[in-house]
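Here is how the chains run, residue by residue.
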Amino acid sequence: MQRPRALSALTSVAVLATMFGAGPASAAVDPETRFSATTGVGVHNAYERATYPYLAQALDARPGLIELDVWPDVLTRQWRVSHSNPLGNDNNCVVATSPAQLYTGTRNRNLEHCLDDIRLWLGAHPDAGPLVLKLELKTGFSGRTGQGPGQLDAVLAARLGDRVFRPADLLGGHANLDAAARADAWPGRAQLAGKVIVELIPGTVEEGNPTDTLWTDVEYARHLAGLAAAGTLGTARAFPAVHRAQAGDPRARYADASLRAWFVLFDGDATAYVTGGIDTAWYGAHHYLLVMTDAQNVPPAVGTGDAGAAATRVAELARAHASIASADWAALPTVLDDVLPRG
């Protein structure tokens, strides 16, 4: 049985108090706290049927992030959701037109149907969220088959509608996303209830392909910069992430310095962040979102049967300024809905 969300937060705040001398366990996260000042828990590859029979069941656990692996099928020009099949679907998404249909029916559907499932679930749970939807584009975009950044924006807009918190929503009157983040223009969690923040990362196949010289992060950042210059940033629906942990400002890797200001979301291995000499306080100080992956592998490793150790790990990563501690903890629903103070 899932515990109430408030109890989840209180339990984890107690862990923080024990580990770091924080305030009393009664100091639960205020719903008006800015999203940038909180830490949630993510589920790795929540679309896999061995993890959850249906995607809605992943959402029932109320995680702060779920991840979908997406392939642009260059033969059929469809967006596939699968771990390793570029030409077919292998997932727990269904064709649903009402919340009651989310837990039944034929699975293995395209990205559009996964997005429909998320929209319908959020509509039935108006107090849920915000939800970070992490999309790993396994082979990157495929502009030559009509599956580029603009086409993905159109799919997200058509299927999620106004559920998406857009880059333009963060931007406001600021010059770029970096300026908006540094001004802490992120809304409070209550304002983001029912909302989805879409994160894009380069895919493992893309990163391992020596002939691919334009990765997802750079391509989408160029897309954002071009839309902003044209006064049409409102059509963008996603935030590109700087992928993989790195000391200093990892945006320095981008040769085109003008793109760096369009990255305010960072994603990398939790172990590297907390044991690699990286100043993670830098992310918190500038109100950037920081997704720490494979949280279960930070020494000492935390297995899927130890909810107490998992909650302690989340508290540890919250103290290390993670916005999301993502892990293979689908079997620990009492941890997945945790929301803690960040830093």
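Reference entry: report on the structure contained in this document. (Residues numbered from 1 in each chain as written. Predicted model: local features only at pLDDT ≥ 70, side-chain atom pairs only at ≥ 80, totals over all residues. Heavy atoms only, no water.)

Glancing now at the state of the cysteines. For the structure on display, the rule yields one disulfide. Shown here is the disulfide that connects Cys93 with Cys114, its sulfur atoms set 2.0 Å apart. The sign of the 105 degrees torsion about the S-S bond sets the Cys93-Cys114 disulfide as right-handed. In this pair, Cys93 sits in the loop between strand S3 (78–81) and helix H3 (111–124) while Cys114 sits in helix H3, placing the two residues 21 residues apart along the sequence. Of the two residues examined, Cys93 and Cys114, each falls in the buried class. (Disulfide = S-S within 2.5 Å. Helix = DSSP H or I, 4+ residues; strand = E, 2+ residues; numbered from the N terminus. Buried < 20%, exposed > 50% of the residue type's maximum accessible area, 1.4 Å probe, protein only.)

What follows deals with the packing of aromatic side chains. With the rule as written, the count across this model stands at eleven aromatic pairs. Seen from their ring centres, Trp186 and Phe239 are 6.0 Å apart, and the 40 degrees between their planes marks the pair as tilted. Remark: Phe239 occurs in strand S6 (residues 239–243) and Trp186 occurs in the loop between helix H6 (177–182) and strand S5 (196–202); sequence separation between them is 53 residues. Judged by relative accessible area, Trp186 falls into the buried class, the value being 0%. With 6.1 Å between their ring centres and 85 degrees between their planes, Tyr273 and Tyr283 make a pair best called edge-to-face. Of the two residues, Tyr273 sits in helix H9 (residues 270–275) while Tyr283 sits in helix H10 (residues 281–285), which places them ten residues apart along the sequence. Of the two residues, Tyr273 and Tyr283, both sit in the buried class. Aromatic ring contacts, followed pair by pair, group Phe266, Tyr273, Trp282, Tyr283 and Tyr288 into a single cluster. (Phe/Tyr/Trp six-rings, centres within 6.5 Å; stacked < 30°, edge-to-face > 60°.)

With that out of the way, let us pick up a nonpolar patch on the surface. Taken together, the side chains of Val74, Leu75 and Leu87 present a nonpolar region at the surface, about 290 Å² in accessible area. For Leu87, a relative accessible area of 47% translates into the label partly exposed. (Patch = residues over 30% accessible without salt bridge, like charges linked within 9 Å, V, L, I, M, F, W, Y side chains within 5 Å. Areas by Shrake-Rupley, 256 points an atom, 1.4 Å probe, with all protein chains shown as cover. Salt bridge = Lys/Arg side-chain N within 4 Å of Asp/Glu carboxyl O.)

Before going further, it helps to examine the pairing of strand S2 (residues 65–73). Extensive coverage of S2 is indicated by the burial of nine of its nine residues. Residues of S2 alternate between two faces, with Leu65, Glu67, Asp69, Trp71 and Asp73 on one and Ile66, Leu68, Val70 and Pro72 on the opposite face, all of them buried. Looking at chain direction, strand S1 (residues 38–43) and S2 are connected through two bridges and run parallel. When the sheet's bridge partners are listed, Val43 is paired in S2 with Ile66. Looking at chain direction, S2 and S3 are connected through four bridges and run antiparallel. The partner of Asp73 across the bridge, within S3, is Gln78. (Pairing = 2+ DSSP bridges.)

This brings us to the nonpolar core. Counting 100 residues, the largest nonpolar core has Leu68, Leu111, Ile118, Leu135, Phe239 and Trp329 as its most contacted members. It is H3 that contributes the most residues to this core, seven residues altogether. Setting aside residues no more than four positions away along its own chain, Ile118 makes contact with Leu55, Leu59, Ile66, Leu131, Leu133, Leu160 and Val196. (Core = buried A, V, L, I, M, F, W, Y, C linked by side-chain atoms within 4.5 Å. Contact = heavy atoms within 4.5 Å.)

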